[in-house]
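# Observations on chain architecture
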Amino acid sequence: MKTATLGIQHVLAMYAGAILVPLIVGSSLGLTPEQLTYLVAIDILMCGVATLFQVVSNRFFGIGLPVVLGCTFTAVGPMIAIGSQYGINAMYGAIIASGLIVVLVSGIFGKLVRLFPPIVTGTVVTIIGVTLIPVAINNLGGGQDAGDFGSMLNISLGFGTLVFIILMYRFTKGYLRSISILIGLVGGTIIAAMLGKVDFTVVKEASFYHLPELFYFGTPSFEWAPILTLTLVALVSLVESTGVYFALSDITEKKITEKDLSKGYRAEGLAIFLGGLFNALQYTTFSQNVGLVQITGVKTRKVIVVAGVILIALGLVPKIAALATIIPNAVLGGASIAMFGMVISQGIKMISKEISKSTGNSMIVACSIGMGLGVTVVPELFAKLPESIQIITSNGIVAGSITAIVLNILFNMLPSKKPVPVMMEKEA
């Protein structure tokens, strides 16, 4: 019973993150309530599958640590951009391809990780977080192109939800703080229901049981630009996961080897690949669950196995998934400001220590964020370049990421010729 209770606690700690990503992506791409219900359900289910891939370690995949996986916020902006420009089938083609690429490079990523030090990953995470804020603000207003966009009711619900989450985060500790976003979503939805802003029709019509469908949204298509974009996102997620692996290794006092890391990366790649086949989204390790392991002191993998099984069971029940889809856009937007703001905060935290180390690092951050935001705001800047080059320049996150990688090589990896000290010249 205790194991089951602890497993439920892990599910609650990551549940807001697990449902927010499909809700935001699906709403932005104009999915119907039925399609959105499927997307939320399949993502919850695949979170469970991905978690079991990591926990149940074998010769080929799985880090063997109490890791919980969920949908990555890092991919939200890129997926919305791809789905809007190329269509949802190209988005899923890119997810499938990025998963395969992660599986293929998993054995050597320990060496490739040199290209993604904190100064690079922190810059990329910051760019992604900043580009997500407009999505949150649009939702807070009621949803882009909504007839009541910016109404006092929407603004009150959105900012009311945000203020409630902030107060929860300020005046609670431990477990309650870790689920403050989820409590805010529930509280905001209850208030919205009292004001007549919630339609329960989709919950009534949803079935009690539904199996995942292969290519639910249609046959995937494969475009170079989307594949490159989501592959970069997946590699950045792997770097973040590496930090989680070592944190859990320290907490559980279990040493991990390069082979263990490769199996962990491979498990994430398989999860992303399978998610793409069944029209789920990209996955990464959830750091909030690492905090929960530390708070509870319970380090056994059995608890995480139970959490994975619970997630799979929840994902097979569309009626439960449909409950998430009735959250009003304004409430979702208020919570998203906090969530996306935390993405920016995490990025700044990663780069702040690195900037102080050298002026070169400051230049890496300055140029990369400048390029990323510039291309995002003015995407037509490179419209006259050949299409093969536009693959890199048409997306702000890709442009910013590549700028960061190249400048990091220039400033931190290429050998620099240091001037000979004056005293040595005189001695010679």
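Analysis parameters
- Residues numbered from 1 in each chain as written.
- Predicted model: local features only at pLDDT ≥ 70, side-chain atom pairs only at ≥ 80, totals over all residues.
- Heavy atoms only, no water.
- pLDDT = per-residue confidence, 0-100.
- Helix = DSSP H or I, 4+ residues; strand = E, 2+ residues; numbered from the N terminus.
- Contact = heavy atoms within 4.5 Å.
- Axes fitted to C-alpha atoms, helices over the stretch in contact; angles between N-to-C directions.
- Nonpolar A, V, L, I, M, F, W, Y, C, P; charged D, E, K, R; others polar.
- Core = buried A, V, L, I, M, F, W, Y, C linked by side-chain atoms within 4.5 Å.
- Buried < 20%, exposed > 50% of the residue type's maximum accessible area, 1.4 Å probe, protein only.
- Patch = residues over 30% accessible without salt bridge, like charges linked within 9 Å, V, L, I, M, F, W, Y side chains within 5 Å.
- Areas by Shrake-Rupley, 256 points an atom, 1.4 Å probe, with all protein chains shown as cover.
- Salt bridge = Lys/Arg side-chain N within 4 Å of Asp/Glu carboxyl O.
- Phe/Tyr/Trp six-rings, centres within 6.5 Å; stacked < 30°, edge-to-face > 60°.
- Lys NZ or Arg CZ within 6 Å of the ring centre and 35° of its normal.
- 1 Å grid on protein atoms, 1.4 Å probe; cavity = no way out; pocket = protein on both sides within 12 Å on 5 of 7 lines; lining within 4 Å.
- Points joined across faces, edges and corners; volume = space filled by probe spheres on them.
- Parallel < 35°, antiparallel > 145°, perpendicular 65-115°, else oblique.
- Left-handed = near helix turned anticlockwise from the far one by under 90°.

### A few points about the confidence of the model for the protein chain
Overall, the prediction assigns the protein chain a mean pLDDT of 83, with 92% of residues at 70 or greater. The least confident element of the protein chain is helix H20 (residues 422-427), whose mean pLDDT is 46; the most confident is helix H4 (residues 88-105), at 95. The model gives residues 422-428 a pLDDT under 50, and that stretch makes 1 contact with residues more than four places away or in other chains.

### As for the packing of helix H16 (residues 329-355) against helix H17 (residues 359-377)
Viewed as axis vectors pointing N to C, H16 and H17 meet at an angle of 145°, and their least axial separation amounts to 8 Å. In this structure, H16 uses Ile351, Glu354 and Ile355 to contact H17, whose residues at the interface are Asn361, Ser362 and Val365. Of the residues assigned to the contact of H16 with H17, the class counts are 3 nonpolar, 2 polar and 1 charged.

### Overview of the nonpolar core
Within the largest apolar cluster, 126 residues are counted, with the highest numbers of intra-cluster contacts made by Val25, Met79, Met91, Ile181, Leu185, Leu281 and Tyr283. The dominant element in this core, judged by the number of residues it contributes, is helix H2 (residues 33-55), at 14 residues. Setting aside residues up to four positions removed in sequence, Leu281 forms contacts with Val21, Pro22, Val25, Leu39, Asp43, Met79, Met91, Tyr92 and Ile95.

### Remarks on a nonpolar patch on the surface
Taken together, Leu153, Val186, Ile190, Ile191, Met194 and Leu195 make up a surface patch of nonpolar side chains, about 550 Å² in accessible area. At 4 residues, the largest contribution of residues to the nonpolar patch is made by helix H9 (residues 180-194). As for its placement among the helices and strands, Ile191 is situated in helix H9.

### Overview of the packing of aromatic side chains
We describe a pair of aromatic rings using the distance from one ring centre to the other and the angle between the two ring planes. On inspection of all chains with the given rule, the structure shows 7 aromatic pairs. A ring pair is formed by Tyr245 and Tyr265, whose centres lie 6.2 Å apart and whose planes are at 40°; its orientation type is tilted. Taken together, the positions of Tyr245 in helix H11 (residues 224-252) and Tyr265 in helix H12 (residues 258-277) put the pair 20 residues apart, joining distant regions of the chain. According to the relative accessible area criterion, Tyr265 is buried, its value standing at 1%. Here the aromatic residues Tyr38, Tyr92, Tyr216 and Phe217 are joined through ring pairs into a cluster of three or more. Sitting above the plane of the Phe208 ring, Lys319 keeps its charged end 4.8 Å from the centroid.

### Notes on empty space enclosed by the protein
Counting across every chain of the model gives 1 cavity of 30 Å³ or more. Put simply, the largest cavity is a space of about 50 Å³. Lining the largest cavity are Tyr38, Ala41, Ile42, Leu45, His210, Leu211, Pro212, Gly315 and Leu316. Among the elements that line the lining of the largest cavity, the one with the most residues is H2, at 4 residues.

### A short note on the side chain of Gln54
Relative to the helices and strands, Gln54 resides in helix H2. Beyond its immediate sequence surroundings of up to four residues, Gln54 is in contact with Gly62, Ile63, Gly64, Leu65, Val67, Leu69, Tyr245, Lys263, Gly264, Ala267 and Glu268.

### Describing the packing of H4 against H11
At a minimum axis separation of 8 Å, H4 and H11 run at an interaxial angle of 45°. One way to sum up the angle between H4 and H11 is to call them oblique. Read as a crossing pair, H4 and H11 show a hand that is right-handed. Contact residues: H4 offers Ala90, Met91, Ala94, Ile95, Ala97, Ser98, Ile101, Val102 and Val105, while H11 offers Pro226, Ile227, Leu230, Thr231, Ala234, Leu235 and Leu238.

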